[in-house]
Amino acid sequence: MSMYGSPMRKLTRFVLFGVAGLQCFESLAVERESDYYRLETFTLPAGLKLEVSGMARLPTGEIAIAIRKGEVWLVDNVEDPKNARFRMFASGLHEPLGLAYYDGDLYTVQRTELTRLRDTNRDGRADGYKTIARGWGVTGNYHEYAYGPVFDSRGNAWLTLNCSIGKGTQPADNQWRGWSMRASLDGRLEPVSGGFRSPSGLGINLEDAVFATDQQGNWFPTCCLIHVRPGVFHGHADALAFSNLPGATFTVDEALPENLTVVEAAQSIEAYELPAVWFPYRKMGMSATDVLCDTTKGKFGPFSGQLFVGEFTQSFVSRVYLEKVKGSYQGVCFRFREGLQSAVLRLGWTAKGALLVGQTNRGWNSLGSRSFGLQKISPTGKLPFEIRRMEALSDGFRLTFTTPVEASSALNLQNYSIVSYTYPYHSSYGGNEIDKKSLEIEAVRLDAEGLSIELKLVGLRRGYVHEFDLSTLVSAEGKPLLHPQAYYTLNQIPD
(Lines give C-alpha, C1' and ligand atoms only; values in the text may rest on other atoms or scores of the structure.)
Protein backbone atom coordinates (compact mmCIF):
# COMPACT_ATOMS: atom_id res chain seq x y z
CA MET A 1 0.00 0.00 0.00
CA SER A 2 0.98 3.50 -0.62
CA MET A 3 2.89 5.56 1.83
CA TYR A 4 0.77 8.39 0.48
CA GLY A 5 -2.68 6.95 -0.17
CA SER A 6 -5.32 5.27 1.96
CA PRO A 7 -3.54 2.39 3.74
CA MET A 8 -6.55 0.43 4.99
CA ARG A 9 -8.37 0.56 1.66
CA LYS A 10 -5.33 -0.63 -0.24
CA LEU A 11 -4.54 -3.25 2.40
CA THR A 12 -7.99 -4.78 1.98
CA ARG A 13 -7.61 -4.97 -1.77
CA PHE A 14 -4.13 -6.39 -1.45
CA VAL A 15 -5.23 -9.17 0.89
CA LEU A 16 -8.20 -10.03 -1.31
CA PHE A 17 -5.90 -10.37 -4.29
CA GLY A 18 -3.81 -12.87 -2.37
CA VAL A 19 -0.27 -12.16 -1.23
CA ALA A 20 0.84 -15.78 -1.67
CA GLY A 21 -0.46 -15.97 -5.22
CA LEU A 22 1.16 -12.67 -6.13
CA GLN A 23 4.53 -13.74 -4.72
CA CYS A 24 4.36 -17.04 -6.64
CA PHE A 25 3.61 -15.18 -9.88
CA GLU A 26 6.41 -12.70 -9.34
CA SER A 27 8.99 -15.31 -8.36
CA LEU A 28 8.92 -16.68 -11.90
CA ALA A 29 9.65 -13.25 -13.35
CA VAL A 30 12.38 -12.57 -10.78
CA GLU A 31 14.20 -15.77 -11.70
CA ARG A 32 14.37 -14.75 -15.34
CA GLU A 33 15.12 -11.09 -14.66
CA SER A 34 18.15 -12.00 -12.55
CA ASP A 35 19.88 -13.35 -15.68
CA TYR A 36 20.00 -9.82 -17.04
CA TYR A 37 19.85 -7.51 -14.01
CA ARG A 38 21.75 -8.43 -10.85
CA LEU A 39 20.29 -7.34 -7.52
CA GLU A 40 22.56 -6.51 -4.55
CA THR A 41 21.61 -5.38 -1.06
CA PHE A 42 23.54 -2.78 0.92
CA THR A 43 24.84 -3.69 4.37
CA LEU A 44 23.72 -0.94 6.73
CA PRO A 45 25.44 0.29 9.89
CA ALA A 46 24.01 -1.18 13.08
CA GLY A 47 21.03 0.82 14.30
CA LEU A 48 20.55 2.87 11.11
CA LYS A 49 16.95 2.64 9.89
CA LEU A 50 17.56 3.77 6.34
CA GLU A 51 13.97 4.68 5.41
CA VAL A 52 15.01 6.27 2.13
CA SER A 53 12.97 9.33 1.16
CA GLY A 54 15.39 11.09 -1.21
CA MET A 55 18.61 10.41 -3.15
CA ALA A 56 21.10 12.58 -5.01
CA ARG A 57 24.52 11.80 -6.50
CA LEU A 58 27.37 14.18 -5.67
CA PRO A 59 30.29 15.05 -7.99
CA THR A 60 32.53 12.94 -5.73
CA GLY A 61 30.49 9.85 -6.62
CA GLU A 62 29.00 9.71 -3.14
CA ILE A 63 25.24 9.30 -2.83
CA ALA A 64 23.35 11.62 -0.50
CA ILE A 65 20.33 9.92 1.05
CA ALA A 66 17.52 11.62 2.94
CA ILE A 67 15.58 9.46 5.36
CA ARG A 68 12.02 9.95 6.50
CA LYS A 69 12.89 10.78 10.11
CA GLY A 70 14.78 13.92 9.15
CA GLU A 71 18.39 13.07 8.42
CA VAL A 72 20.68 13.13 5.38
CA TRP A 73 23.44 10.54 5.08
CA LEU A 74 26.36 10.40 2.64
CA VAL A 75 27.24 6.97 1.23
CA ASP A 76 30.68 6.28 -0.22
CA ASN A 77 31.91 3.22 -2.14
CA VAL A 78 28.40 2.65 -3.49
CA GLU A 79 29.57 0.30 -6.24
CA ASP A 80 30.34 -2.26 -3.50
CA PRO A 81 27.12 -2.60 -1.43
CA LYS A 82 28.65 -4.93 1.15
CA ASN A 83 31.40 -2.45 1.96
CA ALA A 84 29.75 0.93 1.45
CA ARG A 85 30.52 3.60 4.04
CA PHE A 86 27.83 5.74 5.69
CA ARG A 87 28.21 9.04 7.53
CA MET A 88 25.60 11.55 8.67
CA PHE A 89 25.57 14.92 6.91
CA ALA A 90 22.44 16.68 8.23
CA SER A 91 19.73 16.18 10.84
CA GLY A 92 16.69 17.86 12.38
CA LEU A 93 14.67 18.07 9.16
CA HIS A 94 10.88 17.72 9.06
CA GLU A 95 9.99 14.73 6.89
CA PRO A 96 12.15 15.45 3.82
CA LEU A 97 10.60 13.66 0.83
CA GLY A 98 13.14 14.37 -1.86
CA LEU A 99 16.74 15.40 -2.38
CA ALA A 100 18.63 17.06 -5.22
CA TYR A 101 22.15 18.30 -5.87
CA TYR A 102 22.44 21.56 -7.79
CA ASP A 103 25.33 23.96 -8.32
CA GLY A 104 27.36 22.85 -5.31
CA ASP A 105 24.58 22.36 -2.76
CA LEU A 106 21.97 19.86 -1.63
CA TYR A 107 18.29 20.84 -1.60
CA THR A 108 15.34 19.10 0.00
CA VAL A 109 11.65 19.79 0.37
CA GLN A 110 10.59 19.58 3.99
CA ARG A 111 6.94 19.57 4.93
CA THR A 112 6.81 23.38 5.01
CA GLU A 113 9.65 24.64 2.79
CA LEU A 114 12.35 24.16 0.20
CA THR A 115 15.66 24.07 2.10
CA ARG A 116 19.30 24.41 1.04
CA LEU A 117 21.86 22.35 2.99
CA ARG A 118 25.44 23.60 2.97
CA ASP A 119 28.68 22.63 4.70
CA THR A 120 30.25 26.06 5.16
CA ASN A 121 33.23 25.06 7.35
CA ARG A 122 34.01 21.92 5.33
CA ASP A 123 33.95 19.54 8.29
CA GLY A 124 31.71 17.07 6.51
CA ARG A 125 28.49 18.13 8.27
CA ALA A 126 25.86 20.61 7.15
CA ASP A 127 25.94 23.77 9.24
CA GLY A 128 23.93 26.01 6.92
CA TYR A 129 20.19 25.31 6.67
CA LYS A 130 18.57 28.04 4.58
CA THR A 131 14.92 28.44 3.64
CA ILE A 132 14.84 29.03 -0.10
CA ALA A 133 11.08 29.10 -0.68
CA ARG A 134 7.86 28.52 1.21
CA GLY A 135 4.26 29.62 0.98
CA TRP A 136 1.99 26.60 0.79
CA GLY A 137 -0.47 25.65 3.50
CA VAL A 138 0.24 23.14 6.25
CA THR A 139 -2.33 22.31 8.93
CA GLY A 140 -0.94 19.19 10.58
CA ASN A 141 -3.08 16.90 8.43
CA TYR A 142 -1.34 13.53 8.26
CA HIS A 143 -1.34 13.41 4.44
CA GLU A 144 -0.06 16.91 3.71
CA TYR A 145 3.19 15.67 2.22
CA ALA A 146 5.51 17.81 0.10
CA TYR A 147 7.85 16.20 -2.46
CA GLY A 148 10.96 17.25 -4.33
CA PRO A 149 12.79 19.05 -5.62
CA VAL A 150 13.97 18.30 -9.13
CA PHE A 151 15.85 20.98 -11.07
CA ASP A 152 15.27 21.84 -14.70
CA SER A 153 17.99 23.14 -17.03
CA ARG A 154 17.20 26.76 -16.10
CA GLY A 155 17.80 26.18 -12.39
CA ASN A 156 14.15 26.11 -11.35
CA ALA A 157 13.27 23.77 -8.50
CA TRP A 158 10.01 21.82 -9.01
CA LEU A 159 7.97 20.33 -6.19
CA THR A 160 4.55 18.76 -5.68
CA LEU A 161 2.07 18.88 -2.81
CA ASN A 162 -0.37 16.27 -1.54
CA CYS A 163 -3.99 17.22 -1.17
CA SER A 164 -5.30 17.02 2.39
CA ILE A 165 -6.73 13.50 2.19
CA GLY A 166 -9.51 12.90 4.71
CA LYS A 167 -9.58 16.56 5.64
CA GLY A 168 -12.27 18.37 7.55
CA THR A 169 -12.80 22.12 7.44
CA GLN A 170 -9.62 23.84 6.33
CA PRO A 171 -8.35 27.30 7.31
CA ALA A 172 -8.31 29.97 4.62
CA ASP A 173 -4.52 30.07 4.45
CA ASN A 174 -4.11 26.35 3.65
CA GLN A 175 -3.03 27.11 0.10
CA TRP A 176 -1.99 25.12 -2.96
CA ARG A 177 -2.66 21.60 -1.65
CA GLY A 178 -2.75 19.25 -4.65
CA TRP A 179 -0.68 21.59 -6.85
CA SER A 180 2.75 21.52 -8.43
CA MET A 181 5.00 24.49 -7.70
CA ARG A 182 8.11 26.00 -9.26
CA ALA A 183 10.66 27.88 -7.17
CA SER A 184 13.62 29.98 -8.18
CA LEU A 185 16.66 30.09 -5.93
CA ASP A 186 15.98 33.74 -5.12
CA GLY A 187 12.83 32.64 -3.31
CA ARG A 188 10.07 33.19 -5.85
CA LEU A 189 7.40 30.47 -5.66
CA GLU A 190 4.73 30.04 -8.32
CA PRO A 191 1.95 27.50 -8.88
CA VAL A 192 2.15 25.47 -12.09
CA SER A 193 -0.67 22.91 -12.27
CA GLY A 194 -3.28 21.46 -9.95
CA GLY A 195 -5.46 18.45 -9.34
CA PHE A 196 -3.02 15.99 -7.79
CA ARG A 197 -4.02 13.53 -5.12
CA SER A 198 -0.70 12.16 -3.87
CA PRO A 199 2.11 12.95 -6.36
CA SER A 200 4.96 11.15 -4.62
CA GLY A 201 7.28 10.76 -7.62
CA LEU A 202 8.91 13.56 -9.60
CA GLY A 203 11.42 13.46 -12.46
CA ILE A 204 12.66 15.16 -15.64
CA ASN A 205 13.27 13.59 -19.04
CA LEU A 206 16.00 14.37 -21.57
CA GLU A 207 13.79 17.05 -23.14
CA ASP A 208 13.60 18.95 -19.82
CA ALA A 209 9.92 18.04 -19.33
CA VAL A 210 8.77 17.41 -15.76
CA PHE A 211 6.71 14.32 -14.85
CA ALA A 212 4.99 13.20 -11.66
CA THR A 213 3.28 9.99 -10.61
CA ASP A 214 -0.01 9.97 -8.76
CA GLN A 215 -1.86 7.37 -6.74
CA GLN A 216 -5.05 5.45 -7.23
CA GLY A 217 -7.81 6.89 -5.05
CA ASN A 218 -10.57 9.48 -5.23
CA TRP A 219 -10.78 10.95 -8.74
CA PHE A 220 -7.89 8.68 -9.82
CA PRO A 221 -9.08 5.26 -11.07
CA THR A 222 -5.54 3.89 -11.08
CA CYS A 223 -1.96 5.16 -10.76
CA CYS A 224 -0.59 7.29 -13.54
CA LEU A 225 2.32 9.31 -14.96
CA ILE A 226 1.51 12.99 -15.53
CA HIS A 227 3.29 15.60 -17.64
CA VAL A 228 3.51 18.63 -15.34
CA ARG A 229 3.08 21.92 -17.16
CA PRO A 230 1.36 25.25 -16.59
CA GLY A 231 -2.40 25.57 -16.83
CA VAL A 232 -3.30 21.89 -16.53
CA PHE A 233 -5.89 20.34 -14.22
CA HIS A 234 -5.04 16.73 -13.34
CA GLY A 235 -8.43 15.65 -12.06
CA HIS A 236 -8.68 15.84 -8.26
CA ALA A 237 -11.40 18.21 -7.08
CA ASP A 238 -9.71 19.40 -3.87
CA ALA A 239 -7.17 21.49 -5.78
CA LEU A 240 -9.93 23.61 -7.31
CA ALA A 241 -10.37 25.48 -4.02
CA PHE A 242 -7.14 27.34 -4.85
CA SER A 243 -7.72 28.04 -8.54
CA ASN A 244 -9.11 31.48 -7.70
CA LEU A 245 -5.95 32.56 -5.86
CA PRO A 246 -3.53 35.06 -7.43
CA GLY A 247 -1.10 33.17 -9.63
CA ALA A 248 -3.36 30.18 -10.32
CA THR A 249 -2.86 28.97 -13.87
CA PHE A 250 -6.36 27.66 -14.59
CA THR A 251 -9.95 27.74 -13.37
CA VAL A 252 -12.79 25.25 -13.57
CA ASP A 253 -15.97 27.26 -13.18
CA GLU A 254 -18.55 24.51 -13.39
CA ALA A 255 -19.11 21.54 -11.08
CA LEU A 256 -17.04 18.51 -12.02
CA PRO A 257 -19.05 15.95 -13.97
CA GLU A 258 -19.31 12.39 -12.69
CA ASN A 259 -20.31 9.05 -14.17
CA LEU A 260 -18.29 9.76 -17.29
CA THR A 261 -15.23 7.99 -18.57
CA VAL A 262 -11.93 9.83 -18.11
CA VAL A 263 -11.92 10.32 -21.90
CA GLU A 264 -15.34 11.99 -21.78
CA ALA A 265 -14.30 14.08 -18.78
CA ALA A 266 -11.25 15.39 -20.68
CA GLN A 267 -13.59 16.47 -23.48
CA SER A 268 -15.99 18.10 -21.01
CA ILE A 269 -13.55 19.93 -18.70
CA GLU A 270 -11.39 22.36 -20.65
CA ALA A 271 -8.41 22.36 -18.28
CA TYR A 272 -8.40 18.60 -17.58
CA GLU A 273 -5.65 16.70 -19.37
CA LEU A 274 -5.32 12.93 -19.36
CA PRO A 275 -2.10 11.43 -17.96
CA ALA A 276 0.68 10.54 -20.34
CA VAL A 277 0.48 6.94 -19.09
CA TRP A 278 -2.01 4.97 -17.01
CA PHE A 279 -0.57 2.11 -14.92
CA PRO A 280 -3.29 -0.59 -14.95
CA TYR A 281 -4.01 -1.59 -11.37
CA ARG A 282 -2.15 -4.66 -10.05
CA LYS A 283 -0.91 -5.45 -13.58
CA MET A 284 1.49 -2.49 -13.33
CA GLY A 285 1.46 -2.06 -9.57
CA MET A 286 -0.75 -0.52 -6.94
CA SER A 287 1.14 2.61 -5.84
CA ALA A 288 3.54 4.35 -8.25
CA THR A 289 6.39 6.39 -6.77
CA ASP A 290 9.64 7.85 -8.09
CA VAL A 291 10.43 8.86 -11.69
CA LEU A 292 14.01 8.56 -12.99
CA CYS A 293 15.24 9.16 -16.54
CA ASP A 294 17.95 6.85 -17.90
CA THR A 295 20.78 9.33 -18.38
CA THR A 296 23.50 6.66 -18.35
CA LYS A 297 24.01 6.76 -22.16
CA GLY A 298 23.85 3.00 -22.50
CA LYS A 299 25.70 1.98 -19.33
CA PHE A 300 22.50 0.54 -17.91
CA GLY A 301 21.43 -1.22 -21.08
CA PRO A 302 19.26 -0.62 -24.14
CA PHE A 303 16.75 1.86 -22.68
CA SER A 304 18.65 5.13 -22.75
CA GLY A 305 16.40 8.17 -22.33
CA GLN A 306 13.45 6.15 -21.03
CA LEU A 307 11.90 6.53 -17.59
CA PHE A 308 12.03 4.10 -14.68
CA VAL A 309 9.25 4.28 -12.10
CA GLY A 310 9.13 2.86 -8.57
CA GLU A 311 6.28 0.72 -7.23
CA PHE A 312 5.50 0.77 -3.52
CA THR A 313 3.07 -2.05 -2.69
CA GLN A 314 4.45 -4.72 -5.01
CA SER A 315 8.11 -3.68 -4.55
CA PHE A 316 9.31 -3.47 -8.14
CA VAL A 317 10.61 -1.07 -10.78
CA SER A 318 8.76 -0.46 -14.04
CA ARG A 319 9.84 1.10 -17.33
CA VAL A 320 8.12 3.75 -19.47
CA TYR A 321 8.76 4.71 -23.09
CA LEU A 322 7.29 8.09 -24.03
CA GLU A 323 6.77 9.79 -27.35
CA LYS A 324 5.21 13.08 -28.40
CA VAL A 325 2.17 12.90 -30.68
CA LYS A 326 0.48 16.12 -31.78
CA GLY A 327 2.43 17.99 -29.13
CA SER A 328 1.40 15.76 -26.21
CA TYR A 329 3.30 13.06 -24.35
CA GLN A 330 1.93 9.54 -24.32
CA GLY A 331 3.48 6.12 -24.13
CA VAL A 332 3.76 2.59 -22.89
CA CYS A 333 4.70 0.94 -19.60
CA PHE A 334 6.30 -2.43 -18.84
CA ARG A 335 7.41 -4.22 -15.72
CA PHE A 336 11.21 -4.17 -15.37
CA ARG A 337 12.71 -5.67 -12.18
CA GLU A 338 10.77 -7.40 -9.42
CA GLY A 339 11.71 -9.21 -6.21
CA LEU A 340 12.96 -6.20 -4.25
CA GLN A 341 13.17 -6.39 -0.47
CA SER A 342 10.77 -3.55 0.32
CA ALA A 343 8.57 -0.79 -1.07
CA VAL A 344 10.38 1.29 -3.72
CA LEU A 345 10.23 4.99 -2.91
CA ARG A 346 13.30 6.61 -4.52
CA LEU A 347 15.60 5.83 -7.47
CA GLY A 348 19.05 7.10 -8.47
CA TRP A 349 22.13 6.34 -10.57
CA THR A 350 25.64 5.49 -9.48
CA ALA A 351 28.56 7.01 -11.40
CA LYS A 352 29.04 3.69 -13.23
CA GLY A 353 25.43 3.51 -14.32
CA ALA A 354 23.87 1.11 -11.82
CA LEU A 355 20.36 1.78 -10.54
CA LEU A 356 20.02 2.51 -6.83
CA VAL A 357 16.68 1.64 -5.24
CA GLY A 358 15.83 3.40 -1.97
CA GLN A 359 13.12 1.73 0.08
CA THR A 360 10.73 2.23 2.97
CA ASN A 361 7.23 0.90 3.51
CA ARG A 362 6.53 3.31 6.38
CA GLY A 363 5.08 0.40 8.36
CA TRP A 364 2.45 -0.28 5.69
CA ASN A 365 2.25 -3.42 3.62
CA SER A 366 4.58 -4.23 0.74
CA LEU A 367 6.11 -7.33 -0.75
CA GLY A 368 9.56 -8.26 0.50
CA SER A 369 11.41 -9.27 3.63
CA ARG A 370 12.34 -5.80 4.96
CA SER A 371 10.62 -2.57 5.90
CA PHE A 372 13.45 -0.31 4.62
CA GLY A 373 16.83 -0.44 2.91
CA LEU A 374 18.92 0.23 -0.17
CA GLN A 375 19.55 -2.08 -3.13
CA LYS A 376 21.43 -1.83 -6.41
CA ILE A 377 20.40 -3.16 -9.83
CA SER A 378 23.23 -3.73 -12.31
CA PRO A 379 23.14 -5.14 -15.85
CA THR A 380 24.90 -8.50 -16.17
CA GLY A 381 25.97 -7.83 -19.76
CA LYS A 382 23.41 -10.20 -21.29
CA LEU A 383 20.89 -8.54 -23.60
CA PRO A 384 17.27 -9.52 -22.85
CA PHE A 385 14.65 -10.01 -25.55
CA GLU A 386 12.40 -7.05 -24.79
CA ILE A 387 10.20 -4.49 -26.49
CA ARG A 388 12.66 -1.60 -26.65
CA ARG A 389 10.02 0.93 -27.65
CA MET A 390 6.45 1.12 -28.92
CA GLU A 391 5.21 3.92 -31.18
CA ALA A 392 1.70 4.85 -32.27
CA LEU A 393 0.85 4.87 -35.97
CA SER A 394 -2.23 6.20 -37.73
CA ASP A 395 -3.57 2.66 -38.08
CA GLY A 396 -1.76 0.70 -35.37
CA PHE A 397 1.58 0.44 -33.61
CA ARG A 398 5.26 -0.09 -34.36
CA LEU A 399 7.11 -2.37 -31.91
CA THR A 400 10.91 -2.31 -31.90
CA PHE A 401 12.78 -5.08 -30.08
CA THR A 402 16.18 -5.31 -28.46
CA THR A 403 17.09 -8.45 -30.46
CA PRO A 404 15.61 -9.87 -33.69
CA VAL A 405 12.26 -11.63 -33.52
CA GLU A 406 11.79 -15.00 -35.26
CA ALA A 407 10.09 -14.32 -38.62
CA SER A 408 7.34 -16.96 -38.57
CA SER A 409 6.54 -16.08 -34.98
CA ALA A 410 6.32 -12.39 -35.84
CA LEU A 411 4.01 -12.96 -38.80
CA ASN A 412 1.62 -15.28 -36.95
CA LEU A 413 -1.44 -13.22 -36.01
CA GLN A 414 -2.26 -15.69 -33.24
CA ASN A 415 0.76 -14.44 -31.29
CA TYR A 416 -0.86 -11.06 -30.63
CA SER A 417 -3.64 -10.39 -28.16
CA ILE A 418 -4.72 -6.75 -27.92
CA VAL A 419 -7.57 -5.16 -25.96
CA SER A 420 -8.42 -1.57 -25.14
CA TYR A 421 -10.29 -0.03 -22.23
CA THR A 422 -10.71 3.15 -20.26
CA TYR A 423 -11.63 4.16 -16.70
CA PRO A 424 -14.44 5.99 -14.89
CA TYR A 425 -14.06 9.58 -13.74
CA HIS A 426 -15.68 9.94 -10.33
CA SER A 427 -15.07 10.93 -6.74
CA SER A 428 -15.17 7.32 -5.53
CA TYR A 429 -11.97 5.52 -4.60
CA GLY A 430 -10.33 3.93 -7.66
CA GLY A 431 -12.07 2.51 -10.69
CA ASN A 432 -12.20 -0.67 -12.77
CA GLU A 433 -11.33 -1.05 -16.43
CA ILE A 434 -14.48 -0.30 -18.42
CA ASP A 435 -15.69 -0.36 -22.04
CA LYS A 436 -13.26 -3.18 -22.81
CA LYS A 437 -12.97 -4.39 -26.41
CA SER A 438 -10.62 -6.64 -28.38
CA LEU A 439 -8.85 -5.23 -31.41
CA GLU A 440 -8.76 -6.97 -34.76
CA ILE A 441 -5.30 -7.44 -36.25
CA GLU A 442 -5.52 -6.77 -39.98
CA ALA A 443 -1.87 -7.16 -40.97
CA VAL A 444 1.67 -7.58 -39.64
CA ARG A 445 4.81 -6.31 -41.33
CA LEU A 446 8.33 -7.31 -40.23
CA ASP A 447 11.38 -5.25 -41.22
CA ALA A 448 14.41 -6.81 -42.92
CA GLU A 449 16.51 -6.92 -39.74
CA GLY A 450 13.75 -8.58 -37.74
CA LEU A 451 13.91 -5.82 -35.13
CA SER A 452 10.68 -3.98 -35.87
CA ILE A 453 7.07 -5.04 -36.34
CA GLU A 454 4.24 -2.86 -37.59
CA LEU A 455 0.76 -3.97 -36.57
CA LYS A 456 -2.20 -2.71 -38.58
CA LEU A 457 -5.23 -2.77 -36.31
CA VAL A 458 -8.95 -2.19 -36.58
CA GLY A 459 -10.56 -0.39 -33.66
CA LEU A 460 -7.98 2.03 -32.25
CA ARG A 461 -9.61 4.29 -29.65
CA ARG A 462 -8.27 7.69 -28.72
CA GLY A 463 -7.68 8.16 -24.99
CA TYR A 464 -7.85 4.45 -24.21
CA VAL A 465 -5.23 2.09 -22.78
CA HIS A 466 -4.23 -0.53 -25.35
CA GLU A 467 -3.06 -3.68 -23.61
CA PHE A 468 -0.77 -6.12 -25.44
CA ASP A 469 -0.05 -9.73 -24.52
CA LEU A 470 2.79 -11.20 -26.60
CA SER A 471 3.48 -14.25 -24.43
CA THR A 472 3.88 -16.64 -27.37
CA LEU A 473 6.15 -14.41 -29.46
CA VAL A 474 9.78 -15.64 -29.62
CA SER A 475 13.12 -14.21 -30.65
CA ALA A 476 15.33 -15.51 -33.45
CA GLU A 477 17.07 -17.54 -30.72
CA GLY A 478 13.76 -19.05 -29.59
CA LYS A 479 13.45 -17.05 -26.37
CA PRO A 480 10.19 -15.52 -25.13
CA LEU A 481 9.96 -11.86 -24.25
CA LEU A 482 11.26 -11.15 -20.78
CA HIS A 483 8.20 -8.95 -20.25
CA PRO A 484 5.49 -9.82 -22.79
CA GLN A 485 2.79 -7.48 -21.45
CA ALA A 486 2.68 -3.84 -22.54
CA TYR A 487 0.17 -1.06 -21.82
CA TYR A 488 0.08 1.88 -24.23
CA THR A 489 -2.00 4.97 -23.36
CA LEU A 490 -3.18 6.28 -26.73
CA ASN A 491 -4.16 9.87 -26.00
CA GLN A 492 -3.57 10.97 -29.60
CA ILE A 493 -3.66 9.00 -32.85
CA PRO A 494 -1.07 10.22 -35.39
CA ASP A 495 -2.30 11.50 -38.75
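Source: prediction; values computed, not measured. (Residues numbered from 1 in each chain as written. Predicted model: local features only at pLDDT ≥ 70, side-chain atom pairs only at ≥ 80, totals over all residues. Heavy atoms only, no water.)

Of regular secondary structure, the protein chain possesses four helices and 34 strands. For 495 residues, the compact-globule estimate of 2.2 N^0.38 gives 23 Å, and the C-alpha radius of gyration of the protein chain, at 22 Å, lies within 12% of that figure. Overall, the protein chain is about 65 × 60 × 45 Å in size when its C-alpha atoms are taken along their principal axes. Burial statistics for the protein chain: of 495 residues in total, 61% are counted as buried. With an accessible surface of roughly 18600 Å², the protein chain has 47% of that area assigned to carbon and sulfur atoms. Here the protein chain contributes 51 positive and 53 negative side-chain charges, whose respective centroids are spaced 4 Å apart. (Helix = DSSP H or I, 4+ residues; strand = E, 2+ residues; numbered from the N terminus. Rg over C-alpha atoms; globule rule 2.2 N^0.38 Å. Buried < 20%, exposed > 50% of the residue type's maximum accessible area, 1.4 Å probe, protein only. Areas by Shrake-Rupley, 256 points an atom, 1.4 Å probe, with all protein chains shown as cover. Lys, Arg positive; Asp, Glu negative; His and termini not counted. Charge placed at Lys NZ, Arg CZ, Asp CG, Glu CD.)

Summed over the entire model, instances satisfying the criterion amount to zero disulfides. In this structure C163 is not part of a disulfide, and its nearest cysteine sulfur, from C224, lies 13 Å away. On the accessibility criterion, C163 (1% relative accessible area) is buried. Unpaired in terms of disulfides, C293 finds its nearest cysteine sulfur in C333, a separation of 17 Å. (Disulfide = S-S within 2.5 Å.)

Per the counting criterion, the structure on display carries 25 aromatic pairs. The interplanar angle of 80° and the centroid separation of 6.0 Å between the aromatic rings of F308 and W349 together place this pair among those described as edge-to-face. Pair noted here: F308 is in strand β20 (residues 307-311) and W349 is in strand β23 (residues 344-349), with a separation of 41 residues, a long-range link. Residue F308 shares its accessibility class with W349, and that shared class is buried. The structure contains a cluster of three or more aromatic residues connected by ring pairs, namely W176, W179, W219, F233, F250, Y272 and Y425. The ring of F303 has R319 lying over it, and the distance from NZ or CZ to the ring centre is 3.9 Å. (Phe/Tyr/Trp six-rings, centres within 6.5 Å; stacked < 30°, edge-to-face > 60°. Lys NZ or Arg CZ within 6 Å of the ring centre and 35° of its normal.)

What follows is about the sheet that holds β23. By way of backbone hydrogen bonds, the strands of a sheet pair with one another, either parallel or antiparallel. The antiparallel open sheet is built from four strands, whose spatial order is β1-β25-β24-β23. Sheet topology places β1 (37-41) and β23 at the edges, where each strand pairs with a single neighbour. The average undirected angle you get between the axes of adjacent strands in this sheet is 25°. Alignment of strand β24 (residues 355-360) against strand β25 (residues 372-379), held across six bridges, turns out to be antiparallel. (Pairing = 2+ DSSP bridges. Axes fitted to C-alpha atoms, helices over the stretch in contact; angles between N-to-C directions.)

What follows deals with the pattern of salt bridges. Counted by the stated rule, this structure contains 27 salt bridges. With its nearest N and O atoms 2.9 Å apart, the salt bridge here joins R85 to D76. E190 serves as the salt-bridge partner of R182, at 2.9 Å between the closest nitrogen and oxygen. The class for E190 is partly exposed, based on a relative accessible area of 37%. One continuous salt-bridge network, built from bridges that share partners, spans R389, E391, R398, R445 and E454. (Salt bridge = Lys/Arg side-chain N within 4 Å of Asp/Glu carboxyl O.)

Relative to the helices and strands, M390 resides in strand β26 (residues 387-393). M390 sits in the buried class, given a relative accessible area of 0%. Residues M390 and W179, 211 residues apart in the sequence, show an inter-C-alpha distance of 31 Å.

Its location among the elements puts S315 in the loop between β20 and β21 (316-325). Looking at S315, the relative accessible area reads 1%, which means it is buried. A distance of 2.6 Å separates the side chain of S315 from the backbone oxygen of L367, its partner in a polar contact. Setting aside its immediate chain neighbours within four residues, S315 contacts E338, G339, L340, S342, A343, V344, S366 and L367. (Polar contact = N/O pair within 3.5 Å; in protein donor to acceptor, adjacent residues only side chain to side chain. Contact = heavy atoms within 4.5 Å.)

So, on to the sheet that holds strand β9 (residues 128-133). Read across the open sheet, the four strands follow the order β6-β7-β8-β9; overall the sheet is antiparallel. The sheet terminates laterally at β6 (100-102) and β9, the two strands that pair on one side only. Averaged over all pairs of adjacent strands, the angle between strand axes in this sheet comes to 35°, irrespective of strand direction. For β6 and strand β7 (residues 105-109), the ladder comprises three bridges, and the chain directions are antiparallel. The partner of Y102 across the bridge, within β7, is D105.

Here we come to unusual backbone geometry. Cis geometry is found at the peptide bond from G148 to P149, where omega equals 5°. One can find P149 in strand β10 (residues 146-151). Despite not being glycine, N77 has its phi angle at roughly 60°, a positive value. Secondary-structure assignment places N77 in the loop between β4 (71-76) and β5 (85-90). On the accessibility criterion, N77 (28% relative accessible area) is partly exposed. For N259, which is not glycine, the phi dihedral falls at a positive 60°. Here N259 is to be found in the loop between β16 (223-228) and β17 (260-261).

Okay, the pairing of β4 next. Relative to β4, strand β3 (residues 63-67) runs antiparallel, the two sharing five bridges. When the bridges of β4 are listed, I67 appears paired with E71. In sequence, β3 turns back onto β4 through a hairpin of three residues, with G70 there showing a positive phi of about 105°. Pairing geometry for β4 and β5, over five bridges, is antiparallel. The residue of β5 that forms the bridge with W73 is M88.

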